[in-house]
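Here is what each chain is made of, one letter per residue.
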Amino acid sequence: MKRINLIIILIATSLYAQKFEGLALTPPMGWNSWNKFGCEINEEIIKKMADAMVESGMKDAGYQYIIIDDCWQGERDSLGFIQPDPQRFPSGIKALADYIHSKGLKFGIYSCAGWKTCGGRPGSRGYEFQDAKKYAEWGVDYLKYDWCYTEGLNAEGAYLTMRNALYAAGRPIVFSICEWGNNKPWEWGKNIGHLWRTTGDITNCFDCIVDHGTWKSWGVMQILDMQKGLRAYAGPDHWNDPDMLEVGNGMSVNEDRAHFSMWCMLAAPLIAGNDLSNMSKETIEILTNKEVIDINQDSLGIQGFKYFEKDSIEIWFKPLKKDNWAVCFLNRSKKTHEIKFSWKEHEVIDSIFNKEANFKKTVFNIRDLWKKKNIGTTKDDFVAVIPSHDVILLRLSPIKQH
Ligand code: GLA
């Protein structure tokens, strides 16, 4: 009899399990420890980042999540429940989550679908429901779920199991699928998670590949190129994730600006990965430019697309609400380029999302979002100089014709 009850409960849990809907209607914004600190994390660093997110103005600009990546874990206890590393997190995870919540922020954590995390800590394989229960008890709001040590596992099934476990635990938690695009998560991720990584790891370099032997990490331009063909899969509550930001981690200011602008054009999650307690004025200006962030957070949730490319210059378009458009001119070359764009000769069509900017028929006002200035209309040709590895980012709004 008991066994039958258990089977009924199990069937019911998986039949009624679903993803928590509506938690990421615009791309999630926050900070994650990995890109800057790697495994060298502890509760003091994480608290300091939460303080800095508030003090730097990032919270006001829309950043919300403070996410601890790999290496927070200690051993499982005798019942199999995961515990934090007692040296690094002596006050426990609940206390840290409470601290982050007391600042008006949300708290994220990391685990892995395999039996170990990429950093060699205990993974969630076989412990999914226990781990999800702990996260809910601790007050976790966001889970990044990685893909190391997953031999023999089916990716969709593994992520579905954790989704169901989170749902059963009862606390709404954003579910970030970190499977590196190996098994095309864009094809099955929509009902499982709120975002999915589309590539391997990013590195703090604009245009390069770093070979680590068994794996590679990718520069900003390499990751940008890997997004080709994926925009149809993304939208509110289910985003393509081209990995976290490297702004403030050593690239030039121009490169950081270009990286941030392109991640906004891609409607990518904006998860900063730098030391928030030690930022230059330029880094803060990039990360908190409200008008640029508005391009990313636009409620239509449509990912931008490349409209034109020639001689290392690319022009990207992103449809926005109220028939507005974001336009980004990207200079990938090592040299400054002058560009001239005759709007009136162009009719930009987004056939996937059924949007059109017909500059032959409609005139738009133009605002330069980095200069924070209105710069005329699309009646005139746009002529500008773009420094190497930099962008010009514009918002176009249609002038109502009477
Ligand atoms: C993988 C992920 C990274 C990071 C590390 C942690 O490489 O893709 O984003 O979480 O694991 O070990």
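Keep in mind it's a predicted model, so treat the numbers as computed, not measured. (Residues numbered from 1 in each chain as written. Predicted model: local features only at pLDDT ≥ 70, side-chain atom pairs only at ≥ 80, totals over all residues. Heavy atoms only, no water.)

Visitor: Would you take a moment to explain the overall build of the protein chain for this structure?
Guide: Looking only at helices and strands, one finds 12 helices and 22 strands in the protein chain. Relative to its length of 402 residues, the protein chain is compact, with a C-alpha radius of gyration of 22 Å against a globular reference of 21 Å. Here the C-alpha coordinates of the protein chain stretch approximately 75 × 45 × 45 Å along the principal axes. Taken over 402 residues, the protein chain has a buried fraction of 55%. Taking all contacts inside the protein chain whose residues are at least 6 apart in sequence as the whole, residues at least 24 apart take part in 68%. Seen as two clouds, the 49 positive and the 51 negative side-chain charges of the protein chain have centres 4 Å apart. (Helix = DSSP H or I, 4+ residues; strand = E, 2+ residues; numbered from the N terminus. Rg over C-alpha atoms; globule rule 2.2 N^0.38 Å. Buried < 20%, exposed > 50% of the residue type's maximum accessible area, 1.4 Å probe, protein only. Contact = heavy atoms within 4.5 Å. Lys, Arg positive; Asp, Glu negative; His and termini not counted. Charge placed at Lys NZ, Arg CZ, Asp CG, Glu CD.)

Visitor: Would you mind showing me how to read the site of the ligand here?
Guide: Taken together, W34, D69, D70, Y110, C118, G119, K144, D146, C178, W180, R197 and D201 form the complete shell of residues around the ligand. K144 is positioned such that a nitrogen or oxygen atom in its side chain is 2.7 Å from an oxygen atom of the ligand. When isolated, the ligand has an accessible area of 300 Å², and the protein chains bury 93% of it. Tallied by class, residues from the shell around the ligand come to 5 nonpolar, 1 polar and 6 charged. (Near = heavy atom within 4 Å. Polar contact = N/O pair within 3.5 Å; in protein donor to acceptor, adjacent residues only side chain to side chain. Areas by Shrake-Rupley, 256 points an atom, 1.4 Å probe, with all protein chains shown as cover. Nonpolar A, V, L, I, M, F, W, Y, C, P; charged D, E, K, R; others polar.)

Visitor: Help me understand the pattern of salt bridges, please; the structure alone is not making it clear to me.
Guide: Where charged atoms from two side chains of opposite charge approach closely, those side chains can pair. If you walk through the whole model with that rule in mind, you get 21 salt bridges. Note that D141 is salt-bridged to R171, the shortest N-O span being 2.6 Å. Here D141 is found in the loop between α6 (128-138) and β6 (142-146), whereas its partner R171 is found in the loop between α7 (155-169) and β7 (174-177), with 30 residues between them in sequence. On the accessibility criterion, D141 (9% relative accessible area) is buried. Because the salt bridges share partners, they merge into one network encompassing D225, K306, E309, E314 and R332. (Salt bridge = Lys/Arg side-chain N within 4 Å of Asp/Glu carboxyl O.)

Visitor: Explanation requested: the pairing of strand β20 (residues 373-377) in the structure shown.
Guide: Every regular strand shows the same layout, with side chains that alternate between the two sheet faces. Bridge count for strand β19 (residues 364-368) against β20 is 3 bridges, and the pairing is antiparallel. The partner of N365 across the bridge, within β20, is T377. Hairpin remark: β19 followed by β20, antiparallel, with 4 residues in the connecting loop; positive phi at K372, about 60°. (Pairing = 2+ DSSP bridges.)

Visitor: What should I look at first to understand the sheet that holds strand β2 (residues 65-67) in this one?
Guide: The strands that make up a sheet pair up through hydrogen bonds in the backbone, lying either parallel or antiparallel. Spatially, β11-β8-β7-β6-β5-β2-β1-β12 is the arrangement adopted by the 8 strands of the open sheet, whose pairing is parallel. Pairing within the sheet leaves two strands with one partner each, and these edge strands are β11 (239-241) and β12 (270-272). Within the sheet, the average angular offset between the axes of one strand and its neighbour, ignoring direction, is 25°. As defined by bridge partners, strand β5 (residues 106-112) adjoins β6 across 5 bridges and the pair is classed as parallel. Residue C112 lies in a different strand from β6, and its bridge partner there is D146. Relative to the sheet, helix α3 (residues 43-55) contacts β1 (29-32) and β2, its axis offset from that of β2 by approximately 160°. (Axes fitted to C-alpha atoms, helices over the stretch in contact; angles between N-to-C directions.)

Visitor: Looking at this model, I keep getting lost on the state of the cysteines. Mind explaining?
Guide: Two cysteines, two sulfur atoms, one covalent bond between them: this is a disulfide. Taken as a whole and assessed by the stated rule, the structure comprises 3 disulfides. Through a disulfide, C39 is tied to C71; the S-S separation comes to 1.8 Å. Placement of C39 in the loop between α2 (34-37) and α3 and of C71 in the loop between β2 and β3 (73-76) is noted, with a sequence separation of 32 residues between them. A relative accessible area of 22% means that C39 is categorised as partly exposed. Paired by a disulfide, C118 and C148 hold their sulfur atoms 2.1 Å apart. A torsion of 100° about the S-S bond marks the disulfide between C118 and C148 as right-handed. Taken together, the positions of C118 in the loop between β5 and α6 and C148 in the loop between β6 and α7 put the pair 30 residues apart, joining distant regions of the chain. Numbered by position along the chain, the disulfide-linked cysteines of the protein chain connect as 1-2, 3-4, 5-6. Here C264 is not cross-linked by a disulfide; its sulfur's nearest cysteine counterpart is in C328, at 9.3 Å. (Disulfide = S-S within 2.5 Å.)

Visitor: Please clarify how the packing of aromatic side chains should be interpreted in this entry.
Guide: By convention here, two paired aromatic rings are described through the distance between centres and the angle between planes. The final tally for this structure, using the stated rule, is 22 aromatic pairs. Consider the rings of Y159 and F175, whose centres lie 6.1 Å apart with planes at 45°: the pair is tilted. Taken together, the positions of Y159 in helix α7 and F175 in strand β7 put the pair 16 residues apart, joining distant regions of the chain. For the ring pair F305 and W325, a centre distance of 6.5 Å and an interplane angle of 85° mean the geometry is edge-to-face. Placement of F305 in strand β13 (residues 305-310) and of W325 in strand β15 (residues 325-331) is noted, with a sequence separation of 20 residues between them. An identical accessibility class is assigned to F305 and W325; each is buried. (Phe/Tyr/Trp six-rings, centres within 6.5 Å; stacked < 30°, edge-to-face > 60°.)

Visitor: I'm lost on the nonpolar core in this one. Help?
Guide: Among soluble globular proteins, nonpolar side chains are generally buried collectively. If you look at the biggest cluster of nonpolar residues, it comprises 85 residues, and the most contacted ones within it are Y63, W72, Y135, F260 and W263. Split by domain, the residues of this core number at least three in each of domain 1 (2-296) and domain 2 (305-398). For W263, the residues in contact, after removing those within four places along its chain, are I202, V220, I223, P242, D243, M244, L245, A268, P269, L270 and N296. Counting residues in each nonpolar core, the second largest holds 21 residues, with F317, F359, F364 and I392 among its members. (Core = buried A, V, L, I, M, F, W, Y, C linked by side-chain atoms within 4.5 Å. Domains from an automatic or database assignment.)

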